[in-house]
Amino acid sequence: MTAQTEKEVEIKLPYRLVPFMRYRMIAFLFSIIVTGLCIFTVATKGFNWGLDFTGGTVIETNFSQPADLAKVRDVLDKNGYPSALVQTFGGQKDVMIRLPASAGDMTLGNKVMDLIHHELDAGAKIQSIEFVGPNVGEELTQGAIYATLATLAMLLLYVGVRFEWRLAVGGIIALFHDVMVTIGVFSFLQIEIDLTFVAAILSVVGYSLNDSIVVFDRVRENFPKIRRASSIEVVDISLSQTLSRTLMTSVTTLFVVLALYWLGGPTLHSFSLALLIGIGFGTYSSIYIAIGVALQLGLKREHMIQPVVEKEGADQKSLVDY
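The structure presented is a predicted model; accordingly, all values stated were derived computationally and were not measured.

A. Quick look at the overall build of the protein chain. When helices and strands are tallied, the protein chain shows twelve helices and six strands. Relative to its full complement of 322 residues, the protein chain shows a buried share of 43%. Taking all contacts inside the protein chain whose residues are at least 6 apart in sequence as the whole, residues at least 24 apart take part in 79%. When the accessible surface of the protein chain is totalled, it reaches about 17500 Å², and 62% of it is carbon and sulfur.

B. Inspection of the nonpolar core at higher detail. Formed by 58 residues in total, the largest nonpolar core has its most connected members in Met21, Leu239 and Ile291. Only helix H2 (24-45), helix H6 (134-162), helix H7 (165-189), helix H8 (195-225), helix H9 (231-263), helix H10 (269-288) and helix H11 (290-296) provide two or more residues apiece to this core. Residue contributions to this core peak at 13 residues, all from H8. Excluding residues within four positions of it along the chain, leucine 239 makes contact with Phe20, Met21, Val215, Ile287 and Ile291.

C. Quick peek at the pairing of strand S4 (residues 91-100). Counted residue by residue, S4 has seven buried out of ten residues, so it is predominantly covered. Relative to S4, strand S2 (residues 56-62) runs antiparallel, the two sharing seven bridges. Within the sheet, the bridge partner assigned to valine 58 lies in S4 and is arginine 98. Sheet analysis places strand S3 (residues 85-89) next to S4, joined by five bridges and oriented antiparallel. Looking at the pairing, phenylalanine 89 lines up with glycine 91 of S4.

What counts and how
- Residues numbered from 1 in each chain as written.
- Predicted model: local features only at pLDDT ≥ 70, side-chain atom pairs only at ≥ 80, totals over all residues.
- Heavy atoms only, no water.
- Helix = DSSP H or I, 4+ residues; strand = E, 2+ residues; numbered from the N terminus.
- Buried < 20%, exposed > 50% of the residue type's maximum accessible area, 1.4 Å probe, protein only.
- Contact = heavy atoms within 4.5 Å.
- Areas by Shrake-Rupley, 256 points an atom, 1.4 Å probe, with all protein chains shown as cover.
- Core = buried A, V, L, I, M, F, W, Y, C linked by side-chain atoms within 4.5 Å.
- Pairing = 2+ DSSP bridges.

Pasting the structure below:
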(Lines give C-alpha, C1' and ligand atoms only; values in the text may rest on other atoms or scores of the structure.)
Protein backbone atom coordinates (compact mmCIF):
# COMPACT_ATOMS: atom_id res chain seq x y z
CA MET A 1 0.00 0.00 0.00
CA THR A 2 1.22 3.49 -0.75
CA ALA A 3 1.46 6.06 2.04
CA GLN A 4 -1.47 7.98 0.60
CA THR A 5 -3.63 4.86 0.41
CA GLU A 6 -2.69 3.85 3.97
CA LYS A 7 -3.65 7.30 5.24
CA GLU A 8 -7.01 7.20 3.45
CA VAL A 9 -7.81 3.77 4.87
CA GLU A 10 -6.78 4.80 8.37
CA ILE A 11 -9.08 7.84 8.26
CA LYS A 12 -12.04 5.78 7.09
CA LEU A 13 -11.72 3.13 9.79
CA PRO A 14 -13.87 3.99 12.85
CA TYR A 15 -11.95 1.42 14.92
CA ARG A 16 -8.61 -0.32 14.69
CA LEU A 17 -8.30 -2.94 11.98
CA VAL A 18 -9.86 -6.24 13.08
CA PRO A 19 -8.36 -9.36 11.46
CA PHE A 20 -11.70 -11.10 10.89
CA MET A 21 -10.49 -13.50 8.20
CA ARG A 22 -7.73 -14.83 10.45
CA TYR A 23 -10.42 -16.79 12.30
CA ARG A 24 -12.54 -17.81 9.31
CA MET A 25 -11.53 -21.49 9.51
CA ILE A 26 -12.72 -21.63 13.13
CA ALA A 27 -15.96 -19.97 12.04
CA PHE A 28 -16.35 -22.47 9.18
CA LEU A 29 -15.87 -25.39 11.58
CA PHE A 30 -18.38 -23.94 14.04
CA SER A 31 -20.94 -23.36 11.29
CA ILE A 32 -20.49 -26.84 9.83
CA ILE A 33 -21.04 -28.43 13.24
CA VAL A 34 -24.10 -26.29 14.06
CA THR A 35 -25.65 -26.74 10.61
CA GLY A 36 -24.99 -30.49 10.71
CA LEU A 37 -26.69 -30.79 14.10
CA CYS A 38 -29.67 -28.80 12.82
CA ILE A 39 -30.03 -31.00 9.74
CA PHE A 40 -29.83 -34.12 11.94
CA THR A 41 -32.47 -32.70 14.29
CA VAL A 42 -34.84 -31.86 11.44
CA ALA A 43 -34.35 -35.33 9.90
CA THR A 44 -34.98 -37.19 13.18
CA LYS A 45 -37.50 -35.05 15.07
CA GLY A 46 -39.31 -33.30 12.24
CA PHE A 47 -41.51 -30.27 12.89
CA ASN A 48 -44.46 -29.43 15.08
CA TRP A 49 -46.77 -28.25 12.31
CA GLY A 50 -49.47 -25.78 13.29
CA LEU A 51 -53.08 -25.55 12.24
CA ASP A 52 -52.19 -23.73 9.01
CA PHE A 53 -50.47 -26.89 7.76
CA THR A 54 -52.32 -29.76 9.47
CA GLY A 55 -55.93 -28.58 9.32
CA GLY A 56 -58.34 -28.10 12.23
CA THR A 57 -61.18 -25.95 13.52
CA VAL A 58 -61.36 -22.16 13.54
CA ILE A 59 -63.92 -20.57 15.86
CA GLU A 60 -64.66 -16.85 15.69
CA THR A 61 -66.61 -15.45 18.64
CA ASN A 62 -67.80 -12.09 19.91
CA PHE A 63 -67.65 -11.57 23.69
CA SER A 64 -70.05 -9.23 25.48
CA GLN A 65 -67.05 -7.45 27.06
CA PRO A 66 -63.29 -7.18 26.32
CA ALA A 67 -61.91 -10.71 26.48
CA ASP A 68 -59.13 -11.83 28.81
CA LEU A 69 -57.09 -13.98 26.44
CA ALA A 70 -54.95 -15.47 29.21
CA LYS A 71 -58.09 -16.63 31.04
CA VAL A 72 -59.55 -18.08 27.83
CA ARG A 73 -56.36 -20.08 27.23
CA ASP A 74 -56.33 -21.27 30.84
CA VAL A 75 -59.94 -22.49 30.67
CA LEU A 76 -59.33 -24.32 27.38
CA ASP A 77 -56.14 -25.87 28.73
CA LYS A 78 -57.88 -27.19 31.87
CA ASN A 79 -60.66 -28.72 29.78
CA GLY A 80 -58.48 -30.73 27.44
CA TYR A 81 -57.47 -28.24 24.72
CA PRO A 82 -53.83 -27.38 25.57
CA SER A 83 -52.82 -26.68 21.97
CA ALA A 84 -55.54 -24.07 21.33
CA LEU A 85 -54.35 -20.84 19.75
CA VAL A 86 -56.31 -17.84 21.08
CA GLN A 87 -56.01 -14.33 19.63
CA THR A 88 -58.08 -11.23 18.99
CA PHE A 89 -59.10 -10.00 15.56
CA GLY A 90 -60.80 -6.73 14.75
CA GLY A 91 -61.48 -5.55 18.32
CA GLN A 92 -60.86 -6.62 21.92
CA LYS A 93 -64.23 -8.40 22.05
CA ASP A 94 -63.61 -10.44 18.91
CA VAL A 95 -61.72 -13.65 19.70
CA MET A 96 -60.50 -16.33 17.31
CA ILE A 97 -59.80 -19.82 18.67
CA ARG A 98 -57.87 -22.27 16.52
CA LEU A 99 -57.71 -25.97 17.39
CA PRO A 100 -55.81 -28.77 15.59
CA ALA A 101 -57.67 -31.51 13.76
CA SER A 102 -56.68 -34.06 16.44
CA ALA A 103 -58.62 -32.13 19.11
CA GLY A 104 -62.01 -33.36 17.98
CA ASP A 105 -64.52 -33.61 15.14
CA MET A 106 -66.98 -31.35 13.33
CA THR A 107 -68.92 -30.77 16.59
CA LEU A 108 -65.84 -29.36 18.30
CA GLY A 109 -66.89 -25.76 17.73
CA ASN A 110 -70.18 -26.23 19.56
CA LYS A 111 -68.40 -27.94 22.47
CA VAL A 112 -65.96 -25.04 22.84
CA MET A 113 -68.76 -22.47 22.70
CA ASP A 114 -70.67 -24.35 25.42
CA LEU A 115 -67.52 -24.20 27.52
CA ILE A 116 -67.15 -20.44 26.92
CA HIS A 117 -70.79 -19.80 27.83
CA HIS A 118 -70.48 -21.85 31.02
CA GLU A 119 -67.13 -20.61 32.38
CA LEU A 120 -66.27 -17.33 30.65
CA ASP A 121 -69.05 -15.28 29.10
CA ALA A 122 -72.69 -16.35 28.88
CA GLY A 123 -73.33 -13.57 26.37
CA ALA A 124 -70.64 -14.61 23.89
CA LYS A 125 -71.92 -15.08 20.34
CA ILE A 126 -70.72 -17.34 17.55
CA GLN A 127 -69.63 -15.48 14.44
CA SER A 128 -68.38 -18.47 12.47
CA ILE A 129 -67.09 -22.02 12.85
CA GLU A 130 -64.96 -23.39 10.04
CA PHE A 131 -63.22 -26.71 9.58
CA VAL A 132 -59.95 -26.52 7.64
CA GLY A 133 -59.27 -29.88 6.06
CA PRO A 134 -55.85 -31.50 5.59
CA ASN A 135 -55.91 -30.82 1.83
CA VAL A 136 -55.83 -27.07 2.48
CA GLY A 137 -52.98 -27.59 4.93
CA GLU A 138 -51.02 -29.56 2.33
CA GLU A 139 -51.49 -26.80 -0.24
CA LEU A 140 -50.24 -24.21 2.25
CA THR A 141 -47.20 -26.37 3.02
CA GLN A 142 -46.27 -26.70 -0.64
CA GLY A 143 -46.87 -22.99 -1.21
CA ALA A 144 -44.57 -22.05 1.67
CA ILE A 145 -41.80 -24.35 0.40
CA TYR A 146 -42.10 -23.07 -3.17
CA ALA A 147 -42.09 -19.44 -1.99
CA THR A 148 -38.89 -19.98 0.00
CA LEU A 149 -37.12 -21.81 -2.85
CA ALA A 150 -38.17 -19.19 -5.39
CA THR A 151 -36.89 -16.43 -3.11
CA LEU A 152 -33.49 -18.10 -2.74
CA ALA A 153 -33.22 -18.66 -6.51
CA MET A 154 -34.02 -15.02 -7.32
CA LEU A 155 -31.56 -13.80 -4.68
CA LEU A 156 -28.83 -16.00 -6.17
CA LEU A 157 -29.53 -14.53 -9.61
CA TYR A 158 -29.58 -10.96 -8.26
CA VAL A 159 -26.28 -11.20 -6.37
CA GLY A 160 -24.63 -13.06 -9.25
CA VAL A 161 -25.59 -10.36 -11.75
CA ARG A 162 -24.84 -7.38 -9.52
CA PHE A 163 -21.55 -8.59 -8.05
CA GLU A 164 -19.63 -11.74 -8.92
CA TRP A 165 -20.51 -15.44 -8.88
CA ARG A 166 -18.16 -16.21 -5.97
CA LEU A 167 -19.91 -13.61 -3.83
CA ALA A 168 -23.29 -14.96 -4.97
CA VAL A 169 -22.36 -18.47 -3.84
CA GLY A 170 -21.07 -17.15 -0.50
CA GLY A 171 -24.24 -15.13 0.02
CA ILE A 172 -26.54 -18.09 -0.70
CA ILE A 173 -24.53 -20.42 1.57
CA ALA A 174 -24.85 -17.81 4.32
CA LEU A 175 -28.61 -17.63 3.76
CA PHE A 176 -28.90 -21.43 3.87
CA HIS A 177 -26.85 -21.40 7.08
CA ASP A 178 -29.14 -18.84 8.76
CA VAL A 179 -32.38 -20.52 7.67
CA MET A 180 -31.13 -24.00 8.61
CA VAL A 181 -30.08 -22.90 12.10
CA THR A 182 -33.44 -21.21 12.68
CA ILE A 183 -35.58 -24.15 11.62
CA GLY A 184 -33.23 -26.51 13.45
CA VAL A 185 -33.86 -24.73 16.75
CA PHE A 186 -37.62 -24.86 16.14
CA SER A 187 -37.38 -28.57 15.37
CA PHE A 188 -35.30 -29.27 18.49
CA LEU A 189 -37.66 -27.33 20.78
CA GLN A 190 -40.74 -28.60 18.90
CA ILE A 191 -42.18 -25.09 18.68
CA GLU A 192 -45.32 -24.90 16.58
CA ILE A 193 -44.71 -23.76 13.01
CA ASP A 194 -47.39 -21.70 11.26
CA LEU A 195 -47.50 -19.20 8.42
CA THR A 196 -46.10 -16.42 10.63
CA PHE A 197 -42.97 -18.56 10.96
CA VAL A 198 -42.68 -18.64 7.16
CA ALA A 199 -42.96 -14.84 7.14
CA ALA A 200 -40.20 -14.67 9.76
CA ILE A 201 -37.94 -16.94 7.68
CA LEU A 202 -38.37 -14.74 4.61
CA SER A 203 -37.63 -11.69 6.78
CA VAL A 204 -34.44 -13.36 8.02
CA VAL A 205 -33.42 -14.07 4.42
CA GLY A 206 -33.90 -10.42 3.47
CA TYR A 207 -32.08 -9.13 6.56
CA SER A 208 -29.13 -11.48 6.15
CA LEU A 209 -28.78 -10.71 2.45
CA ASN A 210 -28.89 -6.96 3.13
CA ASP A 211 -26.01 -7.29 5.62
CA SER A 212 -24.01 -9.33 3.11
CA ILE A 213 -24.60 -6.85 0.29
CA VAL A 214 -23.33 -3.98 2.46
CA VAL A 215 -20.07 -5.90 2.93
CA PHE A 216 -19.91 -6.87 -0.76
CA ASP A 217 -20.34 -3.24 -1.80
CA ARG A 218 -17.50 -2.07 0.44
CA VAL A 219 -15.21 -4.87 -0.76
CA ARG A 220 -15.93 -3.93 -4.37
CA GLU A 221 -15.14 -0.27 -3.63
CA ASN A 222 -11.88 -1.04 -1.81
CA PHE A 223 -10.29 -3.46 -4.27
CA PRO A 224 -9.49 -0.73 -6.86
CA LYS A 225 -8.37 1.72 -4.14
CA ILE A 226 -6.04 -0.53 -2.13
CA ARG A 227 -3.86 -2.03 -4.83
CA ARG A 228 -0.90 -3.39 -2.84
CA ALA A 229 -2.91 -5.25 -0.19
CA SER A 230 -3.86 -8.92 -0.41
CA SER A 231 -7.45 -10.02 -0.85
CA ILE A 232 -7.67 -10.99 2.83
CA GLU A 233 -6.36 -7.58 3.92
CA VAL A 234 -8.88 -5.77 1.72
CA VAL A 235 -11.71 -7.87 3.16
CA ASP A 236 -10.55 -7.19 6.73
CA ILE A 237 -10.43 -3.45 6.02
CA SER A 238 -13.89 -3.54 4.45
CA LEU A 239 -15.37 -5.47 7.38
CA SER A 240 -13.78 -3.08 9.86
CA GLN A 241 -15.22 -0.11 7.99
CA THR A 242 -18.75 -1.58 8.08
CA LEU A 243 -18.45 -2.92 11.64
CA SER A 244 -20.10 0.05 13.35
CA ARG A 245 -23.00 0.02 10.88
CA THR A 246 -23.46 -3.74 11.29
CA LEU A 247 -23.44 -3.60 15.10
CA MET A 248 -25.76 -0.61 15.35
CA THR A 249 -28.27 -2.08 12.90
CA SER A 250 -28.25 -5.51 14.54
CA VAL A 251 -28.48 -4.24 18.13
CA THR A 252 -31.32 -1.83 17.45
CA THR A 253 -33.22 -4.48 15.48
CA LEU A 254 -32.74 -7.05 18.23
CA PHE A 255 -34.13 -4.59 20.81
CA VAL A 256 -37.33 -4.32 18.79
CA VAL A 257 -37.58 -8.08 18.30
CA LEU A 258 -36.98 -8.69 22.02
CA ALA A 259 -39.83 -6.30 22.80
CA LEU A 260 -42.07 -8.27 20.43
CA TYR A 261 -41.04 -11.53 22.10
CA TRP A 262 -41.66 -10.40 25.67
CA LEU A 263 -44.63 -8.10 25.15
CA GLY A 264 -46.25 -9.36 21.94
CA GLY A 265 -48.02 -12.30 23.54
CA PRO A 266 -48.11 -15.98 22.53
CA THR A 267 -49.32 -15.13 19.03
CA LEU A 268 -46.00 -13.45 18.15
CA HIS A 269 -43.68 -15.81 20.06
CA SER A 270 -42.75 -18.05 17.13
CA PHE A 271 -42.39 -15.07 14.78
CA SER A 272 -40.17 -13.05 17.12
CA LEU A 273 -38.10 -16.05 18.22
CA ALA A 274 -37.35 -16.93 14.59
CA LEU A 275 -36.24 -13.33 14.00
CA LEU A 276 -34.04 -13.37 17.11
CA ILE A 277 -32.21 -16.50 15.99
CA GLY A 278 -32.05 -15.52 12.32
CA ILE A 279 -30.84 -11.96 12.87
CA GLY A 280 -28.22 -13.06 15.40
CA PHE A 281 -26.75 -15.70 13.11
CA GLY A 282 -27.33 -13.48 10.07
CA THR A 283 -25.00 -10.85 11.49
CA TYR A 284 -22.35 -13.50 12.17
CA SER A 285 -22.72 -15.14 8.74
CA SER A 286 -22.47 -11.84 6.84
CA ILE A 287 -19.06 -11.28 8.47
CA TYR A 288 -17.58 -14.77 8.30
CA ILE A 289 -19.56 -17.05 6.00
CA ALA A 290 -20.65 -14.94 3.01
CA ILE A 291 -17.36 -13.20 2.28
CA GLY A 292 -15.26 -16.03 3.78
CA VAL A 293 -16.65 -18.57 1.31
CA ALA A 294 -15.98 -16.16 -1.56
CA LEU A 295 -12.34 -15.93 -0.46
CA GLN A 296 -12.06 -19.71 -0.28
CA LEU A 297 -13.39 -19.87 -3.86
CA GLY A 298 -10.49 -17.67 -4.95
CA LEU A 299 -11.91 -14.14 -4.93
CA LYS A 300 -9.26 -11.72 -6.23
CA ARG A 301 -8.94 -8.09 -7.24
CA GLU A 302 -9.28 -8.81 -10.95
CA HIS A 303 -12.66 -10.42 -10.33
CA MET A 304 -14.03 -7.19 -8.85
CA ILE A 305 -12.59 -4.66 -11.31
CA GLN A 306 -14.46 -4.12 -14.52
CA PRO A 307 -12.13 -4.43 -17.53
CA VAL A 308 -11.66 -1.32 -19.66
CA VAL A 309 -13.03 -1.96 -23.12
CA GLU A 310 -11.25 -0.08 -25.90
CA LYS A 311 -13.40 1.41 -28.59
CA GLU A 312 -12.88 0.09 -32.07
CA GLY A 313 -10.26 2.18 -33.87
CA ALA A 314 -9.09 3.92 -30.68
CA ASP A 315 -5.46 3.13 -31.56
CA GLN A 316 -5.72 4.86 -34.93
CA LYS A 317 -5.22 8.56 -35.61
CA SER A 318 -8.27 10.69 -35.95
CA LEU A 319 -9.24 11.79 -39.47
CA VAL A 320 -9.07 15.37 -38.21
CA ASP A 321 -5.28 15.04 -38.04
CA TYR A 322 -5.03 14.53 -41.79
